[in-house]
Amino acid sequence: MTAAATAPDQGTAGPTPAGALSRLVQEVNDSGVTYQEMADRGIDPDGNKLPRQWYQKLVKTPPVNPPSVAQMHAIAQALGKPFRRVQEATAEQWLMYEATELAGYDEEVRIIVGHLAGKPKSEVMKWRYMIEAEERARREAGE
């Protein structure tokens, strides 16, 4: 005699997507770096290491609290990634903050981009067209 399969409870949520830091650790693991190798090379500025299980848990069942700054340094070493990348992934996973950077641009450009952030697409397009028209006019004038 076989038992009838029960339908999944419609009130339960499916698996939640992994956070940014969890995905980063998983990507490094998928590339062939074991959790033990991460634990061996992940050393914070005070010489402390995170255990192998810490990396496994981060991927499988992330903790409620984010890693400390010292732990982020160890994670960066463990993953072979820049500290800034680990810091951004931590902020995204625990604070729902996605870091953006305008490398190579001065403060004026950052202010302009910051001003346009959150504006409707029509407003952003208007500014883009004005900037492009100004550049075209300069080229045509030979400046």
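Residues numbered from 1 in each chain as written. Predicted model: local features only at pLDDT ≥ 70, side-chain atom pairs only at ≥ 80, totals over all residues. Heavy atoms only, no water.

## Things to note about helix α7 (residues 121-140)
In an α-helix there are 3.6 residues to a turn, and that puts residues three or four apart on one side. The terminal C-alpha atoms of α7 lie 28 Å apart, and with 20 residues this matches the ideal 28 Å at 1.5 Å per residue to within 8%. At the exit of α7 stands Gly142, carrying a positive phi of roughly 80 degrees. (Helix = DSSP H or I, 4+ residues; strand = E, 2+ residues; numbered from the N terminus. Expected span 1.5 Å × (residues − 1).)

## A few points about helix α4 (residues 69-79)
Every buried residue of α4 is listed here: Met72, Ala74, Ile75, Ala76, Ala78 and Leu79. Those residues of α4 hidden inside the fold are in contact with α1 (20-30), α2 (35-41), α3 (52-60) and α5 (83-95). Downstream of α4 by one or two residues, Gly80 has phi in the positive range, about 70 degrees. (Buried < 20%, exposed > 50% of the residue type's maximum accessible area, 1.4 Å probe, protein only. Contact = heavy atoms within 4.5 Å.)

## A closer look at the nonpolar core
Core analysis: the biggest nonpolar cluster contains 23 residues, and Leu21, Val25, Met38, Tyr55, Ile75, Leu79 and Val86 have the highest contact counts within it. Of all the secondary structure elements, the ones that give two or more residues to this core are α1, α2, α3, α4 and α5. For this core, the element with the highest residue contribution is α4, accounting for 6 residues. With near-sequence residues (within four places) excluded, Val25 lies in contact with Tyr35, Met38, Tyr55, Leu58, Val59 and Leu79. (Core = buried A, V, L, I, M, F, W, Y, C linked by side-chain atoms within 4.5 Å.)

## So, the packing of aromatic side chains
One pass over the full model with this rule turns up 1 aromatic pair. Measuring from centroid to centroid gives 5.5 Å for Trp54 and Tyr55, while their planes differ by 80 degrees, and the two rings are edge-to-face. Under the relative-accessibility criterion, Tyr55 is labelled buried at 0%. (Phe/Tyr/Trp six-rings, centres within 6.5 Å; stacked < 30°, edge-to-face > 60°.)

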